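As a plain string of letters, each chain reads:
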Amino acid sequence: MANRVQIRTSSSALIAMIADEDTITGFLLAGVGNVDLRRKTNYLIVDSKTTVKQIEDAFKEFTTREDIGIVLISQYVANMIRFLVDSYNKPIPAILEIPSKDHPYDPAHDSVLSRVKYLFSTESVASGRR
């Protein structure tokens, strides 16, 4: 049991977002937005002026914050930092890639889906089925 990851339980956890303005606006209207006492938000709006470094920094910040349980990231933004998204392996916060208005969802690039496919192919090989 020492190898098991302890999942922190608290009364509430935030959803962080890294996406285009329209996607962020929709989630903010749904009540997902948050600004803390230090004026830090739980989202990053990605536009043509946003650098890859800013996206990387936001991803690293959101995945290390104690108060965030899920990070939603547009798939086209995740493709910009694919090496970070694919190397992230902690259960919390969970990383979910979502489509955006201008960029359709491509299951071939989804890191979660590729991990699930890998698990099922490993299980089928281990059990002798294929």
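Below or above, wherever it landed, is the structure these notes cover. (Residues numbered from 1 in each chain as written. Predicted model: local features only at pLDDT ≥ 70, side-chain atom pairs only at ≥ 80, totals over all residues. Heavy atoms only, no water.)

1. Description of the overall build of the protein
Under the convention used in this document: Helix numbering and strand numbering both begin at the N terminus, where a helix is a DSSP run of H or I of at least 4 residues and a strand a DSSP run of E of at least 2. Accessible area is worked out with a 1.4 Å probe on protein chains only. A residue is then buried under 20% of its type maximum, exposed over 50%, and partly exposed in between. The contact rule is simple, with two residues in contact once any of their heavy atoms fall within 4.5 Å. All accessibility values rest on the Shrake-Rupley procedure with a 1.4 Å probe; residue burial counts only the protein chains present in the view.
When its secondary structure is counted, the protein shows 5 helices and 4 strands. Reading the protein from its N terminus to its C terminus gives the helix and strand order β-α-β-α-β-α-α-β-α. A buried classification covers 32% of the 130 residues belonging to the protein. Restricting to contacts in the protein with at least 6 residues of sequence separation, those with at least 24 account for 64%. Of the roughly 8800 Å² of accessible surface on the protein, 57% is carried by carbon and sulfur atoms.

2. Some points on the pattern of salt bridges
The cut-off we apply is this: By salt bridge we mean one thing: a side-chain nitrogen of Lys or Arg within 4 Å of a carboxyl oxygen of Asp or Glu.
Scanning the model with the defined rule gives 8 salt bridges in all. Among the ionic pairs, arginine 65 bridges to glutamate 61, the shortest N-O distance being 3.7 Å. A residue is classified by how much of its surface remains accessible, and arginine 65, at 14% relative accessible area, is buried. For the salt bridge of glutamate 97 with arginine 82, the shortest nitrogen-to-oxygen distance reads 2.8 Å. Placement of the pair is glutamate 97 in strand S4 (residues 94-98) and arginine 82 in helix H4 (residues 82-87), with a sequence separation of 15 residues. Each member of the pair, glutamate 97 as well as arginine 82, carries the same accessibility label: buried.

3. Some details on helix H1 (residues 21-29)
Going by this rule: Under this definition, polar contacts are N or O atom pairs within 3.5 Å; protein pairs additionally need one hydrogen-donor-capable and one acceptor-capable atom, and for neighbouring residues in sequence, both atoms have to be side-chain atoms.
Measuring from the side-chain oxygen of the N-cap residue of H1 to the backbone nitrogen of aspartate 22 gives 3.3 Å; that N-cap residue is aspartate 20. With its phi angle positive at about 100°, glycine 31 sits one or two positions after the end of H1.

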